[in-house]
Structure formats: structure tokens, C-alpha cells
Amino acid sequence: QVHVVESGGGLVQAGGSLRLSCAASGPTFSNYPMGWFRQAPGKEREFVASIEWSGSIVIYGDSVKGRFTLTRGNARNTVYLQMNSLKPEDTALYYCAARRYSDYVSPRLDDYDEWGQGTQVTVSS
């Protein structure tokens, strides 16, 4: 069983930065690709970024490319989403998820099996 917990959300002004963390428990968590998604009120859940187990392959959604960076901790049981140049449209509930049954990164919501409860990010204009 994998348990996923996000942290680091908060309120920030436009142009500012935040770093989200995602910690997961489980014997083989370090082997799973991990993803971040976000959901704003009234909108569908949107892909943000995904990282494979070693941290060497990362993909990003078009809306965050060049501003967000996803990395994996040395012990590989924590992933970090560094968010720079934040915009009001980045306001959303951010979710971390683990993909247990594949070695590959993916932007598809349905490819992830274990989800955290989410952490709120609010960017003021």
C-alpha cells in the first residue's frame, strides 16, 4: 500500500515562488513514476508534471513549461515541485500521484493509482 501526502501550498503574489513536496510511504515507492496534477474550481484536473524513478526523465504540461521544475530527492521517496513566476491562473488544488504499474512517465490522469489529498495554491494578482 502506498500512501501519498502533499505539502507546501499557500498564498503567494503573482511573480512569486512556492515549492511543493510530495512524500510517499511504501516499500517500492522509489521505483514509481510520480506525477503532479492540479484542479481549479469548475475545471477538469490538469496535468502539471511527471518524473520517472531515477529523476532523469521529466515531462511538463504546456502551461507550466519553463516555470515549474520537478525533481526527486536523493532517497527518491520525496518529489519536489518548484514553482516560479507564478500567475493567478496557477491557482488550484495541487495533487501528487504515484503510478505503481509502469516505469514510464505519463500525462494521463487514469495512469496514476495512488493519490494524495491535495494542497491548495493561491496566487493573488
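Rules used in this analysis
- Residues numbered from 1 in each chain as written.
- Predicted model: local features only at pLDDT ≥ 70, side-chain atom pairs only at ≥ 80, totals over all residues.
- Heavy atoms only, no water.
- Helix = DSSP H or I, 4+ residues; strand = E, 2+ residues; numbered from the N terminus.
- Rg over C-alpha atoms; globule rule 2.2 N^0.38 Å.
- Buried < 20%, exposed > 50% of the residue type's maximum accessible area, 1.4 Å probe, protein only.
- Contact = heavy atoms within 4.5 Å.
- Phe/Tyr/Trp six-rings, centres within 6.5 Å; stacked < 30°, edge-to-face > 60°.
- Lys NZ or Arg CZ within 6 Å of the ring centre and 35° of its normal.

Novice: Looking at this structure, I do not really get the overall build of the protein chain. What am I missing?
Specialist: Scanning the protein chain from N- to C-terminus turns up 0 helices and 11 strands. Reading the secondary structure of the protein chain in the N-to-C direction produces β-β-β-β-β-β-β-β-β-β-β. A compact globule built from 125 residues would reach a C-alpha radius of gyration of about 14 Å, and the protein chain, at 13 Å, matches this within 12%. Referenced to the eigenvectors of the C-alpha coordinate spread, the extents of the protein chain come out at roughly 40 × 30 × 25 Å. Taking all 125 residues of the protein chain together, the buried fraction comes to 43%. At a minimum sequence separation of 6, the contacts of the protein chain that also span at least 24 residues come to 57%.

Novice: Could you clarify how one ought to interpret unusual backbone geometry in this entry?
Specialist: Excluding glycine, a negative phi dihedral is what most residues carry, and trans is how most peptide bonds are arranged. Phi at Ser85 is positive, roughly 50 degrees, even though this residue is not glycine. With respect to the helices and strands, the residue Ser85 is situated in the loop between β8 (78-83) and β9 (92-98).

Novice: Looking at this model, I keep getting lost on the packing of aromatic side chains. Mind explaining?
Specialist: Going through the model one piece at a time under the given rule, you end up with 5 aromatic pairs. A ring pair is formed by Phe37 and Phe47, whose centres lie 5.6 Å apart and whose planes are at 65 degrees; its orientation type is edge-to-face. One end of the pair, Phe37, is in strand β4 (residues 34-39); the other, Phe47, is in strand β5 (residues 46-51), with 10 residues separating them in the sequence. Between Tyr112 and Trp115, the ring centres sit 6.4 Å apart and the planes meet at 70 degrees, which makes this aromatic pair edge-to-face. Tyr112 sits in the buried class, given a relative accessible area of 5%. Take Trp115: its relative accessible area is 25%, and that puts it in the partly exposed class. For Arg45, the ring lying beneath its charged end belongs to Tyr95, and the centroid distance is 3.7 Å. Positioned above the aromatic ring of Trp115 is the side chain of Arg45, whose terminal nitrogen or guanidinium carbon lies 5.0 Å from the ring centre.

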